[in-house]
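# Residue-level structural notes
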Amino acid sequence: QVQLVESGGGLVQPGESLRLSCVASGSFFNINTMGWYRQAPGKQRELVAHLTRGGLTTYADSLKGRFTISRDNALNTVYLQMNSLKPEDTAVYYCSADIQKHFGIQFATYWGQGTQVTVSS
């Protein structure tokens, strides 16, 4: 059973920073892209950033410069450093990972349960 577990969310004031972490655990062969999405109340889930195993990154245009994605392949972990947080960053943040459970089979996308980030004074 593959699991993605996020941590690091919480309540912060505008201008502060948070670092989210997501660990993939269980039995699998390989992980390719890992990423972060978010969903604010009443809105669709949207891409925040993703990062391939080889190091190629994609960011939502509106978040470039404030958010940084990174990963530790040895630890099967992806991070999201969020700086200069704004109230509009308030959302549930979800981790995703494209995981190959066994050699030779297709990758499938797995999701974490989400972690709440609230930015409020």
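What you see as residue numbers is a count from 1 along each chain, following the sequence as written. Where local features are concerned, this predicted model is filtered to residues with pLDDT of at least 70; where side-chain atom pairs are given and counted, the filter is 80 or more; whole-chain, interface and lining totals use all residues. Each side-chain value is worked out from all heavy atoms of the structure, with water and hydrogens disregarded.

### Some thoughts on the overall build of the chain
Put simply, DSSP H or I for four residues or longer makes a helix, DSSP E for two residues or longer makes a strand, and each gets a number counted from the N terminus. Counting its secondary structure elements, the chain contains 0 helices and 11 strands. Helices (α) and strands (β) of the chain occur, in sequence order from the N terminus, as β-β-β-β-β-β-β-β-β-β-β. All radius of gyration figures rest on C-alpha atoms, and the globule criterion is 2.2 Å times the number of residues raised to 0.38. Here the C-alpha radius of gyration of the chain, 14 Å, is about what a compact globule of 121 residues would show, namely 14 Å. Principal-axis analysis of the C-alpha atoms places the extent of the chain at approximately 50 × 25 × 25 Å. Scored against the burial criterion, the 121 residues of the chain give a buried share of 40%. Throughout, a residue-residue contact means that at least one pair of heavy atoms, one from each residue, lies within 4.5 Å. Within the chain, contacts between residues at least 6 apart in sequence are counted, and of these 55% link residues at least 24 apart. Per-residue and other accessible areas follow the Shrake-Rupley method at a 1.4 Å probe size, with only the shown protein chains counted as cover for residues. Carbon and sulfur atoms provide 48% of the accessible area of the chain, an area that totals close to 6,500 Å². Only four residue types enter the charge count, namely Lys and Arg as positive and Asp and Glu as negative; His and the chain termini do not. Lys charges are placed at NZ, Arg charges at CZ, Asp charges at CG and Glu charges at CD. Side-chain charges in the chain split into 10 positive and 8 negative, and the spacing between the mean points of these groups amounts to 4 Å. Relative accessibility thresholds used throughout: buried, under 20% of the residue-type maximum; exposed, over 50%; partly exposed, between the two (1.4 Å probe, protein chains only).

### Some points on unusual backbone geometry
Not every positive phi belongs to a glycine, and Asn76 is a case in point at roughly 55°. Structurally, Asn76 can be placed in the loop between strand E7 (67-72) and strand E8 (77-82). The backbone of Ser84 shows a phi angle near 50°, a positive value even though the residue is not glycine. In this fold, Ser84 is placed in the loop between E8 and strand E9 (91-100).

### Quick look at the pattern of salt bridges
The rule for a salt bridge is simple: a side-chain nitrogen of Lys or Arg has to be within 4 Å of a carboxyl oxygen of Asp or Glu. Using the criterion set out here, one finds 4 salt bridges in the structure. Where Arg38 meets Glu46, a salt bridge forms, and the shortest distance between an N and an O atom there is 2.7 Å. Residue class for Glu46 comes out partly exposed when judged on its relative accessible area of 37%. Here Lys64 and Asp61 are joined by a salt bridge, their closest N and O atoms 3.3 Å apart. Residues Lys64 and Asp61 agree in their burial class; the two are exposed. Among the charged side chains, a network of salt bridges with common partners joins Arg38, Glu46, Arg66 and Asp89.

### As for the sheet that holds E8
In short, DSSP must find at least two bridges between two strands for them to pair. One open sheet holds the 4 strands; their spatial order is E1-E3-E8-E7, and the pairing between them is antiparallel. The outermost strands of the open sheet, each flanked by one partner alone, are strand E1 (3-7) and E7. Across the sheet, the axes of successive neighbouring strands diverge by a mean angle of 15°, strand direction being ignored. Direction of pairing for E1 relative to strand E3 (residues 18-25): antiparallel, over a ladder of 5 bridges. Bridging from a neighbouring strand, Glu6 pairs with Cys22 of E3. To get an axis, a line is fitted to the C-alpha atoms, and for a helix only the part in contact is used. The angle between two axes follows their N-to-C directions and goes from 0 to 180 degrees.

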